[in-house]
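Overview (structure and organization)
Below, each chain spelled out in residue letters.
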Amino acid sequence: ERVYASTQLSGSIITGGVTNGPLGADGNPSTYSTITTGLGLLGIGTTWQNLQWPATITKGTPVTVKLGLENSVLAVGQNITVIGTKRDVSNNPVDIGVLQSVSGSLLNLLPGQNSFEYTFVPSNGSGPQDYDGIRVQLGSVLSVAQNVNVYDAYYKRQVTQITCGQGDIEDVFSGVRDLGVGA
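Note that the structure is predicted; figures quoted are calculated from it, not measured.

1. Things to note about the packing of aromatic side chains
Counted by the stated rule, this structure contains five aromatic pairs. On the numbers, 6.2 Å between centres and 80° between planes, the contact of W53 with Y131 is edge-to-face. With W53 in strand β6 (residues 47–57) and Y131 in strand β13 (residues 131–139), this residue pair connects regions lying 78 residues apart in the sequence. Y131 shares its class with W53; the two are buried. Every member of this aromatic cluster is reached through a ring pair, and the members are W53, Y131 and Y155. Sitting over the face of the ring of Y154, R2 holds its NZ or CZ atom 4.1 Å from the ring centroid.

2. A look at the nonpolar core
W53, V65, L67, I134 and V136 are the most contacted members of the largest nonpolar core, which totals 24 residues. Among the elements of the structure, β6, β7 (63–69), β8 (74–87), β9 (93–109), β13 and β15 (147–156) are those that each provide at least two residues to this core. Once residues within four sequence positions are removed from consideration, L67 is found in contact with I80, V102, N114, S115, F116, V136, V148, N149, V150 and Y151.

About the criteria used
- Residues numbered from 1 in each chain as written.
- Predicted model: local features only at pLDDT ≥ 70, side-chain atom pairs only at ≥ 80, totals over all residues.
- Heavy atoms only, no water.
- Phe/Tyr/Trp six-rings, centres within 6.5 Å; stacked < 30°, edge-to-face > 60°.
- Helix = DSSP H or I, 4+ residues; strand = E, 2+ residues; numbered from the N terminus.
- Buried < 20%, exposed > 50% of the residue type's maximum accessible area, 1.4 Å probe, protein only.
- Lys NZ or Arg CZ within 6 Å of the ring centre and 35° of its normal.
- Core = buried A, V, L, I, M, F, W, Y, C linked by side-chain atoms within 4.5 Å.
- Contact = heavy atoms within 4.5 Å.

This is the structure in structure tokens:
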């Protein structure tokens, strides 16, 4: 069964922010928060959202985050990255390893809207590590109104019996054809 992240926090470097933050950790893969860089220049405007679970997840357990690329005006050197986190004794999330690129492009100009899942195992140079959260980060060399939707993050837990009812659907993905310039 899916175990969804249940809390979130966010931050940015000078510009940008997260709207509807709690929707990125509400256990409903059809609702989302939106990370926006606003005006981004050489790292200024980099914005992130941390999604967290109340307990530690055993190392080696894959985590999946559903993201959606939203219409942006302009993004040069756009980069969406993720990283596993583990809270310290002060309850602050600490990075595990290095940022992993989910999506990067040289130039995005008026791209279409799409949703997708990205799965990874939080690890560092020593291999997989215990974790209790992830961070989704959006940045670029230059951007105006760059957005990414964060639908939820989850890991899968083994269960002894699954009961499915008629009409049970876990998730829906969507996409449109890119009408802009994507390189």
